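Descriptive analysis of the structure
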Amino acid sequence: MVENFSTVYIAPCFSENPAGFMENPFSIRVVGVAKRFGDVAAVDHVSLDIRRGEFFSLLGPSGCGKTTLLRMIAGLEEGDAGNIIIDGSDVTRVPAHRRPVNLVFQQFALFPHLNVEKNVAFGLRYKSGGKRDSHKKVSAALDLVRLSGLQHRYPDELSGGQKQRVALARALVLEPRVLLLDEPLGALDQKLRKEMQVELKHLQRRLGITFVFVTHDQEEALTMSDRIAVMNAGKVEQMDSAAEVFEHPSTPFVAEFMGAGNFFTAKVREVDGAIVTVISKAGFETALLAPNAPNYRPGEKVRFVVRPEKLEMSLTEPPPADARARMEVTVEERVYQGVATVWTVRNRAGERIHVYQQNVIHGAGEQFVDMGKAWLCWDPRNAILMREQKA
Amino acid sequence: MRMKFAAVGMLVMAVLGGCKDKGTASTQPGSAQGARVLNVYCWSEYLPQDVRDAFTAKTGIKVNLTLYESNEMLLDKLQSGVSDFDLVVPSDYTVAILKRQNLVQRIDASKIANWKNLDPRLLGRAYDPKNEYAMPCFWGTTGIGFNRQAVGDIDSWKVLFDEKNAGKILMLKDSRECLAVALKVMGKSINETDPAVLRQAGEMLKNQKRLVKVYNSDDFDQTLGRGDVVLAHGFNGQLAKLVASDRAKFGYTVPKEGATLWIDAFCIPAKAKHVAEAHEFLNYLLDPQVGAQLVNQVSYASGNVAARAGIKPEILNDPSIYPSDEVIKRCEVMADVGDQTTELIDKIWQEVMLK
Amino acid sequence: MKNGALRTWLQLLPTWLVLGIFFLAPMAIMLGISFREKGPAGTIKPIDDMKQYITKGTFLNNYRESLDPSYAGVYWRSLWLAVATTALCLLIGYPVAYYIAIVANPMRKNLLLAMVAIPFWTSFLIRMGAWKLILETQGVLNTMLGAVGIAPLDMLYTPGAVLTGLVYGELPFMILPLYASLEKMDRTLLEAAADLGAGATSRFFRVTVPQTMSGIIAGIVLVLIPAAGQFVVSDILGGAKGALVGNIIQEGFQRNKPLKSAIAFELTAVVGLMLAVYGLYLHRRRRKEAAL
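On a predicted model such as this, the values are computed, not experimentally measured, just so you know.

Moving on, we come to the side chain of Thr286(A). Residues and elements named next belong to chain A. Position of Thr-286 among the secondary structure elements: in strand E13 (residues 285–289). Looking at Thr-286, the relative accessible area reads 5%, which means it is buried. Excluding anything up to four places from it in sequence, Thr-286 contacts Val-276, Thr-277, Val-278, Phe-304 and Ala-325.

Structure representation (structure tokens):
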């Protein structure tokens, strides 16, 4: 009943999509934006386009500039250079309170002197027509985040998850064209976090508005995002769909950050169309599929990456008929994680490698002994070629 | 005398230049073993340091000085019974109150060789008819200081009740002195005790209040000097200094209706511990040279007639400091009017203040 | 167990001693004196017959007298001056505290805080004396006005002069608690408000003010109470009609301690009552909100 009401009431507000918007596929365009704090370039000439209605994540370690960039979009931080364009209009010089975006803060930033209802209604009076039916709008927004009935509680009487929902409702009630979220799940415990991830994703789908989500958790970003921009030291290292960033990291940093730490040093032997043949430092030869193959020159030093779960380990060398690449390793350590076992092994070149093996059957992997020999093999299509240094 | 050197001024001096009197008072310990001491409770300005030092040099008696700002403070201290002063300097009517409450003891004039130097005009006054308890120290009049350029020459209390001086009048913040003004205008004694007359005088003061700019007993001379008022009811000492600074602009008059003659006199508290030293000090102050030195420094008329020879002529001949006999004759000394009248006066004054 | 109770009691003892000696005991003595009758020349009359003293209501004589209509003018003047002083201190003190806490950089912040505290190094009497020099007919202010061709204004010995002196004297007591509460305010709340569409003015009144309410109340308490009992300022800067309750209490206290004690106690009671009413109002408002 309540759910119905909210849907009926919210629908016209949130699904509004004037024709004009459609002509411009970008919700937010960030063009050459830079921001320095003293000697540190927090955001170093970043450009990116965020599409209308997508769930976009800014992913990176702490200090990479993702939060600063988000705050610049919100108007809470003034940039040194570049432009920010929201829905086709340049808002670079527009103060925060006049931007059609809303931010969900990491620590929620609820007003402690106001109860839930007043917190949620806070921004309505600044929106044209916002005060009309404000009571209903607040109820609808609270229904939306499944928090009805707590209107008269004060923030200090709410749990972390409830505060999170109030913060969401407070932003959503204003029907922003873009919702910015600054590590909004960071303050929640693991279980609640998982629930909220799903819920946020549903909410975004249902409302159809653009979400820009800042996180340092790659799994969280992968779970929720349509596209991800991986940031490092103020720059965007890679911007792609979630699967692409995961499967085809374009730089060593992204690969490492996405959990693919198995780097192999090699030298290019020849380039033939899209196929690059390399000789690894460990002595074996393998052919790699690389979309930018013509860029490589024979004799050039390169690296390639294979994700731990793409490696298969066996006691004996696979038969030559097997088309897969292979190398001999020494088993160093085994960590049993229940669902899977993670092995640490080392090849002849001394490169350390992690292998992730699903525990498909009970007792799997018991044949491997510490310091014993084993063979790794993988499909060459799963090896990603990249230059020694960042592009 | 009621020359309350402005508390503010005192503190300003303490900060700017260091207040000598206070300095010595605090640096000298109460009674070092064997050493003779004398504890004096006094108005500020009355006993300059060099006079005290000279006494110490001559007799070996250390003088500890503590200051007060009103007769009320003095009364309170002595009534509390915890003070250990050997000499105090109450004003005329306060002497009578202290005497009545047995808070002072007789002075033995036979131990004061210089007693003969006392001005006979100050002796035998109502507060101490037989000169047993008090030795007059400084004396003066209460009158009007005025701005000659604004009000011309004046000679009557009536100017203080004149509409055309509205907002330009300063009155002493002192119930007895203000009532004295009203009583004199009515042709009565300043020591009137008839309740009906006193009430009538009170009504006069209440009606006068809207003409009064401020009631002030501290720096009335400066308030007049700096142009905030043109008529200032006040004690002659401070006003005489102002007049001397610019005789063309300022004047001081003891109105023709008569006025207060105030006498501040030394008394020895009943509980004094150093009575002999107190007598020695009084005798020292009555010495002609010491008396002259004192007057030349503080510019108040002294009860020591023998000192006259050594007083600077500009002080001795200043009528605001040493009034003529004729002026003295029309003045009255304030008397203790008794508890009932004092209570009535307090009540009347409270009404004036509340109006 | 018994030992623990004793220890707790001993730990609290210093607090109670300080409170008792410096706060409760003087108040109790004052209250006691206020029920007595004055004797001659500043003494307190002994009570002859306690029973009669109580049954006949003699002990309330001072309170009866102090509530005489003739006091109304002074009470009213004291009240409005205290309230106006508090309001002006808040109006002036808030922007100052805001600047120091939020706008100024850390170095300047310390300098400014020191400047707020520096006047305390000088006696209050001297500072009031200085104001006299500023406000008097030939004073600093009138000299400056004269330089730009404005005739001297009558400023000294007016209610305005008293108000100026009161505001000047009490201002630091408003600034310091306000500074403390502004300093510890969560600034992200301001960002949240801006993000939700609130402009600078709105942010100030809807976030900053409520967030610093504890500082505001502390400031009001610290200013209102001393302002209501002031007598030095009105004595030095106030004119013939400038007497405040404080002056009435202070002048002639020596000669009528019982009456003056009664007035002093009434003053304490009124201020206490005002604060209690305000506290109750806040409590009610909060409860009303919760009940909605």
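This next bit is on the interface of chain C and chain A. Across the contact, 21 residues belong to chain C and 25 residues belong to chain A. For the pair chain C and chain A, the two sides together bury roughly 2,100 Å², of which 54% comes from carbon and sulfur. Ranking the residues of chain C by area buried against chain A places Asp195(C), Leu196(C) and Arg206(C) at the top, with a combined share of 37%. Taken together, the links from chain C to chain A amount to one salt bridge.

Domain boundaries assigned for chain A yield domain 1 (2–247) and domain 2 (260–387). Taking only C-alpha atoms into account, the centre of domain 1 of chain A sits 40 Å from that of domain 2 of chain A.

On the side of chain B, 33 residues touch chain C, which itself brings 32 residues to the contact. When chain C packs against chain B, the two sides together hide about 2,900 Å² of surface, and 51% of this comes from carbon and sulfur. In this structure, the connection of chain C to chain B is made through nine salt bridges. Sorting the residues of the side of chain C that touches chain B by element identifies helix H6 (124–135), helix H12 (232–237) and helix H14 (257–291) of chain C as the ones contributing at least two each. The element contributing the most residues to the side of chain C that touches chain B is H6(C), with five residues. Counted by class, the side of chain C that touches chain B contains 14 nonpolar, eight polar and 10 charged residues.

Interchain contacts are distributed over two pairs of chains, and the most extensive set of them lies between chains B and C. The two units chain A and chain B remain apart, with a minimum C-alpha distance of 46 Å.

Below, the discussion takes up unusual backbone geometry. Residue and element names in this part refer to chain A. Even without being a glycine, Ala-109 presents a positive backbone phi close to 50°. Relative to the helices and strands, Ala-109 resides in the loop between strand E6 (101–104) and helix H4 (116–121). Look at Ala-109 and you get buried, because its relative accessible area is 5%. Even without being glycine, Glu-175 reaches a positive phi, approximately 50°. Relative to the assigned elements, Glu-175 resides in the loop between helix H6 (160–172) and strand E7 (178–182).

In helix packing, the relevant descriptors are the interaxial angle and the interaxial distance, both defined with respect to the helix axes. Residue and element names in this part refer to chain C. Interhelical geometry of helix H4 (residues 72–103) versus helix H11 (residues 213–229) gives an angle of 140° and a closest axis separation of 9 Å. By the angle class used here, H4 and H11 are oblique. Every pair of crossing elements has a handedness; the one defined by H4 and H11 is right-handed. Packed against H4, whose contacting residues are Ala-82, Val-83, Thr-85, Thr-86, Cys-89, Leu-90 and Tyr-94, the element H11 presents Ile-216, Ile-220, Val-223, Leu-224, Ala-227 and Ala-228 at the interface. Residue composition of the contact of H4 with H11, by class: 11 nonpolar, two polar and no charged.

Quick look at the domain arrangement of chain B now. Residues and elements named next belong to chain B. Along its sequence, chain B is carved into domain 1 (37–139 + 261–332) and domain 2 (142–258 + 337–354). Using only C-alpha atoms to locate each centre, domain 1 and domain 2 end up separated by 26 Å. Contact with domain 1, which involves 14 residues of that partner, is made by 20 residues of domain 2. The junction of domain 1 with domain 2 conceals about 1,400 Å² of combined surface from both sides, 45% of it contributed by carbon and sulfur atoms. Counting the surface domain 1 buries against domain 2, the share from its top three residues, Ser-320, Arg-330 and Glu-332, is 42%. Between domain 1 and domain 2 we count four salt bridges in total. The shortest N-O distance in the salt bridge between Asp-318 and Arg-247 comes to 3.3 Å. Run the count over domain 1 and domain 2 and you get eight residue pairs in polar contact (both at pLDDT 80 or more). For the side of domain 1 that touches domain 2, the class distribution of residues is seven nonpolar, two polar and five charged.

With that out of the way, let us pick up the confidence of the model for chain A. Predicted confidence across chain A gives a mean pLDDT of 87, with 93% of residues reaching 70 or more. For the stretch residues 1–21 of chain A, pLDDT sits under 50, and the model shows 27 contacts to residues farther than four places along the chain or on other chains.

A few words now on the packing of H6(C) against helix H7 (residues 140–147) of chain C. Residues and elements named next belong to chain C. Direction vectors running N to C along H6 and H7 enclose 25°, while the axes themselves pass 4 Å from each other. When the interaxial angle is binned, H6 and H7 end up roughly parallel. In this structure, H6 uses Leu-133, Ile-134 and Leu-135 to contact H7, whose residues at the interface are Val-140, Leu-141 and Asn-142. For the contact of H6 with H7, a count of residues per class yields five nonpolar, one polar and no charged.

Further remarks concern the nonpolar core. Of all hydrophobic cores here, the largest spans 250 residues; its most connected members are Leu168(A), Leu180(A) and Tyr46(B). A per-element tally of this core places helix H8 (residues 159–183) of chain C first, with 11 residues. Formed by 30 residues, the second largest nonpolar core is a distinct cluster that contains Val276(A), Ala282(A), Val345(A) and Ala383(A).

Moving on, we come to the sheet that holds strand E14 (residues 301–306) of chain A. Residues and elements named next belong to chain A. The five strands lie next to each other as E13-E12-E11-E14-E20, forming an open sheet whose pairing is antiparallel. Here the strands that pair on one side only, and so sit at the sheet edges, are E13 and strand E20 (383–387). Mean inter-strand twist for the sheet, computed between neighbouring axes without regard to direction, equals 45°. Sheet topology places E14 next to E20; five bridges connect them, and they run antiparallel. Of the residues in E20, the one forming a bridge with Val-302 is Arg-387.

The rules behind each value
- Residues numbered from 1 in each chain as written.
- Chains lettered and ligands numbered in written order.
- Predicted model: local features only at pLDDT ≥ 70, side-chain atom pairs only at ≥ 80, totals over all residues.
- Heavy atoms only, no water.
- Helix = DSSP H or I, 4+ residues; strand = E, 2+ residues; numbered from the N terminus.
- Buried < 20%, exposed > 50% of the residue type's maximum accessible area, 1.4 Å probe, protein only.
- Contact = heavy atoms within 4.5 Å.
- Buried area = accessible area lost by both parts, 1.4 Å probe.
- Salt bridge = Lys/Arg side-chain N within 4 Å of Asp/Glu carboxyl O.
- Domains from an automatic or database assignment.
- Nonpolar A, V, L, I, M, F, W, Y, C, P; charged D, E, K, R; others polar.
- Axes fitted to C-alpha atoms, helices over the stretch in contact; angles between N-to-C directions.
- Parallel < 35°, antiparallel > 145°, perpendicular 65-115°, else oblique.
- Left-handed = near helix turned anticlockwise from the far one by under 90°.
- Polar contact = N/O pair within 3.5 Å; in protein donor to acceptor, adjacent residues only side chain to side chain.
- pLDDT = per-residue confidence, 0-100.
- Core = buried A, V, L, I, M, F, W, Y, C linked by side-chain atoms within 4.5 Å.
- Pairing = 2+ DSSP bridges.

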